[in-house]
Amino acid sequence: KPDLAGREMILKIHSKKVPLAEDIDLLSVAKDTAGMVGADLENVVNEAVLIATRLEKSSVENSDFNEAVDKVSMGPMRKSMKISDSAKKVTAYHEAGHTLIAKLIPEADPVHKVTIIPRGPALGFTKQLPNDDRYSITQKQLEAMVLVCLGGRAAEELVFNEITTGHSNDFEKATHILKKMIYELG
């Protein structure tokens, strides 16, 4: 997987023939695409072009890239999905739980974006991005990742005195991290 400088270069290559707005910041887009490989980055550029074209823009703007990154990483917005106000409220508190834990734990990555707009299988998501490229992760950082995963469920239980199935993906992520820590990292 390319580092930050590599992702920026790949984005520049794929957007060479794309009419970009003057204020476009491909470095910012590269920061937002941590973990993506070349094909993913090409998809981001293509999606940004499609979004701008649908909106009849003469050039691709930062907002088009932001939407494209979300679409490539999380899936398309599910605009037709009807969500009750109570489900929106639970989702909002769930995502706030992730955000609060990330803010309170110094080893957690900073929160980049929080939304309750349904995308792909998720009703909402909290996106964290590290400040720099990482080549190794400390035990405290791994533990912080697990705690942030559990923050959504904890918020649901605290606020509503009940939990939903909305945390199942969070449990999968936390379990994956913990298994890796135990079986592979000792």
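Our structure is the block above this text.
An account of the accompanying structure is given in this report. Since the structure is predicted, the reported quantities are computational estimates derived from the model, not experimental observations. (Residues numbered from 1 in each chain as written. Predicted model: local features only at pLDDT ≥ 70, side-chain atom pairs only at ≥ 80, totals over all residues. Heavy atoms only, no water.)

## Here's the deal with the side chain of histidine 94
Link 1 in the chain: One can find histidine 94 in helix 5 (residues 85–104).
Link 2 in the chain: Here histidine 94 is in contact with Gly152, Arg153, Glu156, Gly166, His167 and Asp170, once residues within four sequence places are set aside. (Helix = DSSP H or I, 4+ residues; strand = E, 2+ residues; numbered from the N terminus. Contact = heavy atoms within 4.5 Å.)

## Digging into helix 1 (residues 4–14)
Link 1 in the chain: Every buried residue of helix 1 is listed here: Arg7, Ile10 and Leu11. Looking down the long axis of helix 1, one finds its buried residues gathered within 100° of arc, a one-sided arrangement. Facing away from the buried surface of helix 1 by more than 90 degrees, the exposed residues are Met9 and Ile13.
Link 2 in the chain: On its buried face, helix 1 sits against helix 2 (26–31) and helix 3 (38–54). (Buried < 20%, exposed > 50% of the residue type's maximum accessible area, 1.4 Å probe, protein only. Arc of directions from axis to C-beta.)

## Some words on the nonpolar core
Link 1 in the chain: Residues Leu11, Val29, Val44, Val60 and Phe65 are the most contacted members of the largest nonpolar core, which totals 18 residues.
Link 2 in the chain: Counting only elements with at least two residues in this core, the list comes to helix 1, helix 2, helix 3 and helix 4 (62–74).
Link 3 in the chain: At six residues, the largest contribution of residues to this core is made by helix 3.
Link 4 in the chain: Once residues lying within four places of it in the same chain are set aside, the contact partners of valine 60 are Val18, Pro19, Leu20, Ala21, Ile24, Ala48, Val49, Ala52 and Phe65.
Link 5 in the chain: Counting six residues, the second largest nonpolar core, distinct from the first, contains Leu142, Cys149, Ala174 and Met181. (Core = buried A, V, L, I, M, F, W, Y, C linked by side-chain atoms within 4.5 Å.)

## Side note on helix 5
Link 1 in the chain: End to end, helix 5 covers 28 Å across 20 residues, agreeing with the expected 28 Å (1.5 Å per residue, within 8%).
Link 2 in the chain: Elements in contact with the buried residues of helix 5: strand 1 (111–115), strand 2 (125–128), helix 6 (139–160) and helix 7 (168–184). (Expected span 1.5 Å × (residues − 1).)

## Quick notes on the environment of alanine 154
Link 1 in the chain: Along the polypeptide, alanine 154 turns up in helix 6.
Link 2 in the chain: Relative accessible area serves as the criterion here: at 38%, alanine 154 is assigned to the partly exposed category.
Link 3 in the chain: In this structure the C-alpha to C-alpha distance between alanine 154 and proline 2, which are 152 residues apart in sequence, comes to 35 Å.

## Section: the packing of helix 1 against helix 3
Link 1 in the chain: Running from amino to carboxyl end, helix 1 crosses helix 3 at an angle of 50°, the nearest separation of the two axes being 9 Å. When the interaxial angle is binned, helix 1 and helix 3 end up oblique. Pair helix 1 / helix 3 crosses with right-handed handedness. Of the residues in helix 3, those in contact with Arg7, Ile10, Leu11 and His14 of helix 1 are Gly38, Leu41, Glu42 and Val45.
Link 2 in the chain: A breakdown of the residues in the contact of helix 1 with helix 3 according to their chemical character gives four nonpolar, two polar and two charged. (Axes fitted to C-alpha atoms, helices over the stretch in contact; angles between N-to-C directions. Parallel < 35°, antiparallel > 145°, perpendicular 65-115°, else oblique. Left-handed = near helix turned anticlockwise from the far one by under 90°. Nonpolar A, V, L, I, M, F, W, Y, C, P; charged D, E, K, R; others polar.)

## Notes on the environment of proline 2
Link 1 in the chain: Here proline 2 lies in the segment before helix 1.
Link 2 in the chain: C-alpha separation for the pair proline 2 and glycine 38, spaced 36 residues apart in sequence, amounts to 7.8 Å.
Link 3 in the chain: Apart from residues lying up to four places away in sequence, proline 2 is in contact with Arg7, Ile10, Met36, Val37 and Leu41.

## What to know about unusual backbone geometry
Link 1 in the chain: Unusually for a residue other than glycine, glutamate 56 sits at a positive phi of about 55°.
Link 2 in the chain: By the secondary structure assignment, glutamate 56 is in the loop between helix 3 and helix 4.
Link 3 in the chain: Under the relative-accessibility criterion, glutamate 56 is labelled exposed at 73%.
Link 4 in the chain: Located in the positive-phi region is asparagine 161, a residue other than glycine, with phi close to 55°.

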